[in-house]
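Fold and contact review
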Amino acid sequence: MHPNAQLIEKFYKAFQKRDAAAMNSCYARDVDFSDAVFIGLKGDQARGMWTMLCERGKDLKLEFSGVTADDKAGKAHWEAWYTFSGTGRAVHNVIDATFEFENGLIRRHTDRFDLHRWAGQALGLPGKLLGWAPFMQNAIRAKARAALDQYLDKR
């Protein structure tokens, strides 16, 4: 197995244990992270997001598969089951991740998932009806970013 594939596996095995420190050790100092909610997180912002999610994800269950990597890039599929703290609703999120590597660490990490599907699960009827709409997706992003900024300010 390529060392970068081993790095991806280390990242997700740590996530399964909600071990943010081990996850974050896989990242380059100036890592770039983006997903459908958190767009353009850099360095400590990305590490702080994983720390926040690990601390708050008390009932998180995670599975990953399809890990592949070479010297420059990699990918994985992962699925997470958890209770969304904002509503207490159960979520099953299905994510495809891509990675770029630099000096044996993850330099860029992008997660792709269906935000409309997520909103329907996490927010219920409003998310099902309006989760496709740009204004709703932007509101989800703004609320999540505000929560992350508040979390980082307290650290």
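Residues numbered from 1 in each chain as written. Predicted model: local features only at pLDDT ≥ 70, side-chain atom pairs only at ≥ 80, totals over all residues. Heavy atoms only, no water.

**Quick word on the overall build of the chain**
Along the backbone of the chain there are six helices and six strands. For the chain, the α and β elements follow one another from N to C terminus as α-α-β-β-α-β-β-β-β-α-α-α. For the chain, the C-alpha radius of gyration of 15 Å lies close to 15 Å, the compact-globule estimate for 155 residues. Across its three principal directions, the C-alpha atoms of the chain cover 45 × 35 × 30 Å. Residues counted as buried form 46% of the 155 residues belonging to the chain. Accessible surface for the chain amounts to roughly 8,200 Å². Of this, 53% is attributable to carbon and sulfur atoms. Side chains of the chain give 23 positive and 19 negative charges; the mean places of these two sets differ by 4 Å. (Helix = DSSP H or I, 4+ residues; strand = E, 2+ residues; numbered from the N terminus. Rg over C-alpha atoms; globule rule 2.2 N^0.38 Å. Buried < 20%, exposed > 50% of the residue type's maximum accessible area, 1.4 Å probe, protein only. Areas by Shrake-Rupley, 256 points an atom, 1.4 Å probe, with all protein chains shown as cover. Lys, Arg positive; Asp, Glu negative; His and termini not counted. Charge placed at Lys NZ, Arg CZ, Asp CG, Glu CD.)

**Quick notes on helix H3 (residues 44–56)**
The first and last C-alpha atoms of H3 sit 18 Å apart over 13 residues, in line with the 18 Å expected at 1.5 Å per residue. Among the residues making up H3, those that are buried are Ala46, Arg47, Gly48, Met49, Trp50, Thr51, Met52 and Cys54. (Expected span 1.5 Å × (residues − 1).)

**Observations regarding the pattern of salt bridges**
As enumerated under the stated definition, the model contains nine salt bridges in all. Across the salt bridge formed by aspartate 30 and arginine 107, the nearest N and O atoms sit 3.7 Å from each other. In this pair, aspartate 30 is assigned in strand S1 (residues 27–34) and arginine 107 in strand S6 (residues 105–112), connecting sequence segments 77 residues apart. A residue is classified by how much of its surface remains accessible, and aspartate 30, at 34% relative accessible area, is partly exposed. Its salt-bridge partner being glutamate 63, residue lysine 61 comes within 3.2 Å of it at the nearest N-O pair. The network of salt bridges with shared partners includes Asp30, Asp32, Lys42, Glu100, Arg107 and Arg108. (Salt bridge = Lys/Arg side-chain N within 4 Å of Asp/Glu carboxyl O.)

Interpretation note: all reported values are geometric properties and have no functional meaning in isolation.
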